Amino acid sequence: MFNILINKFEWIDGDLHISYTSDDGSDLTLYSKKLKEDYELQSNAEGLTKTAKITFFDRETKTIFKKGRWRAVAKESLIPAQLSDDIMLNIEDYTRCFYNDDFSKSVVVSPIIINYSKEDIQGVAFEVSYIVPYDVNNYKRNFATAKREATSVKSFIHKCGFIVAKGVLAKFYSIMASIYKKEGKNILIMSENRNGIMDNLEAIDTRIKERGLDKTFNITYHFRNIFAGRQNPFSWLRTINLIAKQDFIFVDDYAPVFAFLDLDKRTTLVQVWHAGFGFKLVGYGRFGIKGSPHPVKSCHRKYTYALIGNDYLREIYSEVFGIEKEALLATGMPRLEHFLDEGHKTGVKAKFYETFPELKKKRIITFAPTYRGSNQRNAYYDFSKLDFDRLYDFCKETNTAFIIKQHHFLQEKAPILPEQSDVFYECSDYKLNDLFYVTDILITDYSSCFYDFLLLGKPVVFFTYDRAVYSATRGVHRPIDKVAPGTICDDFDQLLETLKTENFSNIEAVNFLRDKCTTNKTLASDKVIDYILLHKQVEDI
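This text gives an overview of the structure that appears in the document. Keep in mind that what you see is a predicted model, and the values were worked out from it rather than measured.

The rules behind each value
Residues numbered from 1 in each chain as written. Predicted model: local features only at pLDDT ≥ 70, side-chain atom pairs only at ≥ 80, totals over all residues. Heavy atoms only, no water. Helix = DSSP H or I, 4+ residues; strand = E, 2+ residues; numbered from the N terminus. Rg over C-alpha atoms; globule rule 2.2 N^0.38 Å. Buried < 20%, exposed > 50% of the residue type's maximum accessible area, 1.4 Å probe, protein only. Contact = heavy atoms within 4.5 Å. Areas by Shrake-Rupley, 256 points an atom, 1.4 Å probe, with all protein chains shown as cover. Lys, Arg positive; Asp, Glu negative; His and termini not counted. Charge placed at Lys NZ, Arg CZ, Asp CG, Glu CD. Pairing = 2+ DSSP bridges. Axes fitted to C-alpha atoms, helices over the stretch in contact; angles between N-to-C directions.

**Observations concerning the overall build of the protein**
In terms of helices and strands, the protein carries 14 helices and 26 strands. Taking 541 residues into account, the globule formula puts the C-alpha radius of gyration at 24 Å, and the protein, at 26 Å, falls close to it. C-alpha extents for the protein along the principal axes are approximately 75 × 70 × 40 Å. Split into buried and exposed, the 541 residues of the protein put 51% on the buried side. In the protein, 66% of the contacts between residues at least 6 apart in sequence involve partners at least 24 apart. Carbon and sulfur atoms make up 50% of the accessible area of the protein, which totals about 27,000 Å². Here the protein carries 73 positive and 73 negative side-chain charges, and the mean point of each set is 8 Å from the other.

**What about unusual backbone geometry?**
Positioned with a positive phi, Leu78 is a non-glycine residue whose angle comes to about 60 degrees. Here Leu78 lies in the loop between strand S9 (68-74) and strand S10 (82-83). One non-glycine residue, Asp540, lies in the positive phi region at around 60 degrees.

**Quick look at helix H6 (residues 314-321)**
Residue pairs three or four apart in sequence face the same way in an α-helix, which turns once every 3.6 residues. Taken across its eight residues, H6 has six buried, putting it largely inside the fold. For H6, the set of buried residues is Arg314, Ile316, Tyr317, Ser318, Val320 and Phe321. In this structure, the buried side of H6 is in contact with strand S18 (268-271), strand S19 (305-308) and strand S20 (328-330). Just downstream of H6 lies Gly322, where phi reads positive at about 70 degrees.

**Points about the sheet that holds strand S14 (residues 186-191)**
Strand order in the open sheet made by the seven strands is S15-S16-S14-S17-S18-S19-S20, with mixed pairing throughout. Sheet topology places strand S15 (193-194) and S20 at the edges, where each strand pairs with a single neighbour. Bridge count for strand S17 (residues 248-251) against S18 is four bridges, and the pairing is parallel. Note that in S18 the partner of Phe248 across the bridge is Thr268. Sheet contacts for H6: S18, S19 and S20; angle to S20, the most-contacted strand, approximately 150 degrees.

What follows is the structure in structure tokens.
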């Protein structure tokens, strides 16, 4: 499909120099689908390699490149150009921001990866944008920004309504928070991503009750998934009112409601986070990449404390949440404090085999990848990268069951044929950590789930068929090939060969992949309760 491969970017004096090869001699050009314009580049040939230059600031005419998304394509055919893996893995390094004299406006040029969904391919484009400083209280500027960014009258009205709604809700919170007394007894356990309690929130809540502290504190629960559909105004008002009452608030994931609230200083907001360590970038780790949080007004910056699995993760999560390292409490993950208890493991396995008695004498592989896409609304996984027929034959020959546990963002079931249901099992309704007890081999990718699985001492295989593209579009905290504690497979053939030969890399986990639950003398949830709720001195956090 591609006939142009871009091998090199180099910024020189504000110009971007591009080196590329072309299979059919086509020249590179830039095309704006929205403007229906092209920007012709002058290409020079040097053997098999061609070079071109993009001038974003014309020194003679003193003009700035038109803002918008400019796709790099082959001239005339408009076939998208492809980036080399080396550029994709370091694509964020080529973003440039140019300021004017008084810093009132800046121009940002960012090369980005774009998906051509119909062809199922990735190309490259240059996003050119004009940025003005942001002030949440400057409605005149915010409305002007909405007008500039709107693509239609309907879009403009929607953006203005959103600005007004946030302002009204913020004012409502301020009034209600000043009315409610703060006596240090009210706890809110909430999630904006899930419809029920689980993982770290559940472990902390359970321990509070085991210690009888639910008689001392007033505990309220509030769960909703704001990404699954539009919430009505009363839902927002109820949520804001609940938040205004609290002395302590525990959240377990991204909670955007806090982005536009100036929390009462007497309220402690605790992010218990659901992940130990995963490769995919989240929060401010994505800064400079499409989808990153606002530099100032993000819910992540509002946390009083955040829990992490060990001391080595402070640097990573300080970047992720945009908060000081001292606010990160290395308690270990509360959900893992009983993970290795033999009695608990035996009970979970017995319950599983009651449901699936036919699997009791089989080897079990669990496939638990993360989602692709930018958020919950457009999340997907490309199951075409798995050859289900060959995988089925392998599993039948080796007395193996293949369990598929999808990310909770994904609504569609895996494409399992009825005649192959004796090998493939869709178990997305099960808790992943419960499945780990019966799992012999875990296959994942950029997900954090391997962090827990490592505690069981079983092999992990990383199926990263889109490693270069994923690193460029989503980003990773650490290079996978440097720290992944297992075998890395970049295509299905490698994956199947690894499973056949059982050639699992026995790579020792680096320090930041070891949770404190294995060394804690005190339960992680007790540390949270003692330090945050009871204001006691707690060692080693």
